[in-house]
Amino acid sequence: MWMFVFFILPFAGLAYALWHVWCMLPLSGAWKWTVIAVCVLCFLTLFLNFSRTIERMPLRMASTFYEIGNSSIFILLYVVMLFLVLDLGRLVHLVPRTMLYNNAYTSIGVLVLLMGLFVYGNLHYHNKVRQTIDLPTAKTLDRNLRVVMMSDLHLGYHNRRAELARWVDLVNAEHPDLILIAGDIVDISIRPLVETGMAEEFKRLKAPIYACLGNHEYYANEPLARKFYDEAGITLLRDSVTTVGNLCLIGRDDRTNQHRKSLGVLMREADNSKYTILLDHQPYHLEQAERAGIDFQFSGHTHHGQVWPISWITQAIYEDAFGPWQRGNTRYYVSSGMGIWGGKFRIGTCSEYIVADIRKE
């Protein structure tokens, strides 16, 4: 099943899209073959990014290959959807056959439409949305607390130090008492974080930082990820509990680790008299936090699908794929992420950070 989704289906989509491109372009055979070859090479770069070959390239070249390859899968998705709509229109006699064969106007129209859509998607990605949530509690608080929460930074070959610096400025402008990160700080490799000195940017944050691991820390090399956390001044909560003032923070290891502790075991170390916050990267089994009496759970991982209509799939998979949720007395927030995996496009979703005010009820 997974081989079909991740390997056979993309190549089937590529063949379908390229056949339409071949038919549609009003060019000679040589020029058509050139266009097809460029498209195939861009797509194959995606698989290069999943190999260790990219680690041996100069950093700038590796970043270029990453952006091209990982953007191509999102572009392919929309090209396939567009041609499916045109084919459906032709079947019901709303689209004339001449539109899809050797037609310069259709070719230009498709190109302009796709360029406009993905320029919008890129600009929308760079617009970081400030989400606010109010967390009243009857538990003891010495004072109201402001907590900035983020997930899925995916720092690496595409989200580089200059972008991280801008995110740090956004967080510092909130004057938080605490910063929480729900995993996937790293994308697929620690190398670009180390070589560009991203740890120094985290050190500019003006509040204590606590984080849990995500699945991408395991993909990138979990021991190296932990070492980077330490160098960046990030306190890692890996199946552990800590107290920060009137807050009790619980950080679960990512479910990639099949031997992680259960929430029930972790709660034996927790102080339930304090306001309890659970960091768990992947938002599965939300009922566990409710049963454990957690006050608030913060998760990420879903990216809200990154682009429509993948957002519909994540909504079908998860009880809460994005945004605030509540079960009994337990409140939740599943973030679509500050950063993103792959191509830097947000279509029908947003990149966000959360500003939570914990106050006496």
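We now turn to the structure provided with this report. Along each chain, residue indices are assigned from 1 in the same order as the chain's sequence is written. Given that the model is predicted, a residue must reach a pLDDT of at least 70 before its local features are reported, and side-chain atom pairs must reach 80 or more before they are shown or counted; all residues, however, enter totals for whole chains, interfaces and linings. Each side-chain value is worked out from all heavy atoms of the structure, with water and hydrogens disregarded.

## Focus: the sheet that holds strand E9 (residues 296-299)
Heads up, the condition is: Criterion used throughout: strands pair if DSSP finds at least two bridges between them. Comment: elements are numbered from the N terminus, with helices defined as DSSP H or I runs of at least four residues and strands as E runs of at least two. Axis definition: a line fit to C-alpha positions, over the contact stretch in the case of helices; interaxial angles, taken between N-to-C directions, run 0 to 180 degrees.
Strand order in this open sheet of 6 strands is E6-E7-E8-E9-E11-E10, and the pairing throughout is mixed. If you trace the sheet from one side to the other, it starts and ends with strand E6 (240-244) and strand E10 (323-327), each paired once. Across the sheet, the mean angle from the axis of one strand to that of its neighbour is 20°, orientation sign disregarded. Of the strand pairs in this sheet, E9 and strand E11 (residues 330-334) are connected by 4 bridges, and their pairing is parallel. Bridge pairing in E11 places Ser299 opposite Val334.

## A few points about the packing of helix H3 (residues 59-91) against helix H4 (residues 104-126)
Applied cut-off: Any angle from 65 to 115 degrees is called roughly perpendicular, while one under 35 is roughly parallel, one over 145 is roughly antiparallel, and all others are oblique. The hand of a helix crossing depends on one turn: near helix anticlockwise from the far one by less than a right angle means left-handed, and clockwise means right-handed. Any two residues whose heavy atoms approach within 4.5 Å are treated as being in contact.
Taken N-terminus to C-terminus, the directions of H3 and H4 make an angle of 135°; their axes are 11 Å apart at the nearest point. In terms of axis orientation, H3 runs oblique to H4. Every pair of crossing elements has a handedness; the one defined by H3 and H4 is right-handed. Counted together, Phe74, Ile75, Tyr78, Val79 and Leu82 of H3 and Val110, Leu113, Leu114, Leu117 and Phe118 of H4 form the full contact between these two elements.

## Focus on the pattern of salt bridges
The criterion, for reference: Salt bridge, as applied in this entry: a Lys or Arg side-chain nitrogen positioned within 4 Å of an Asp or Glu carboxyl oxygen.
The final tally for this structure, using the stated rule, is 22 salt bridges. Two residues, Glu222 and Arg226, come together in a salt bridge whose shortest N-O distance is 2.3 Å. Of this pair, Glu222 and Arg226 both sit in helix H9 (residues 222-232), separated by 4 residues, roughly a single helical turn. Of the charged contacts, one joins Arg252 and Asp280 as a salt bridge, the two residues approaching to 3.7 Å between their closest N and O atoms.

## A short note on the sheet that holds strand E5 (residues 234-236)
Strands sit in the order E1-E12-E2-E3-E4-E5 across an open sheet of 6 strands; the sheet is mixed. Two strands in the sheet have a free side with no partner beyond their single neighbour: strand E1 (128-137) and E5. Across the sheet, the mean angle separating the axes of adjacent strands is 25° when strand polarity is ignored. Here strand E4 (residues 209-212) runs beside E5; their pairing, made up of 3 bridges, is parallel. When the bridges of E5 are listed, Ile209 appears paired with Ile234. Each of E4 and E5 touches H9; the most contacted strand, E5, lies at about 140° to it.

## Observations regarding the pairing of strand E12 (residues 351-360)
Rules: The cut-offs for exposure are 20% and 50% of the maximum accessible area for each residue type, with area from a 1.4 Å probe on protein chains only; residues under the lower value are buried, those over the upper are exposed, and the others partly exposed.
The element E12 is extensively covered by neighbouring structure, given that 7 of its 10 residues are classed as buried. As paired strands, E1 and E12 are joined by 10 bridges and run parallel to one another. What sits directly across from Arg130, in E12, is Tyr353. Here 5 bridges tie strand E2 (residues 145-150) to E12, and the two strands are oriented antiparallel to one another. By the bridge assignment, Val148 is partnered in E12 with Val355.

## Some thoughts on the layout of surface pockets
Quick note on the threshold: Points on a 1 Å grid over protein atoms alone make up a cavity when a 1.4 Å probe fits among them but cannot get out, and a pocket when they form an open set with protein on both sides within 12 Å along at least five of seven lines; lining residues each have an atom within 4 Å of a point. Grid points are joined across faces, edges and corners, and a volume is the space filled by probe spheres set on the points. Three classes are used: nonpolar for Ala, Val, Leu, Ile, Met, Phe, Trp, Tyr, Cys and Pro, charged for Asp, Glu, Lys and Arg, and polar for all others, with Gly counted as polar.
Its boundaries defined by the atoms lining it, the second largest pocket holds a volume of some 750 Å³. Lining the second largest pocket are 26 residues, and of these Cys39, Ile75, Val79, Leu111 and Leu114 sit closest to its centre. Among the elements that line the lining of the second largest pocket, the one with the most residues is H4, at 8 residues. Class assignment for the residues of the lining of the second largest pocket results in 23 nonpolar, 3 polar and no charged.

By themselves, these figures tell us nothing about what the structure is for.
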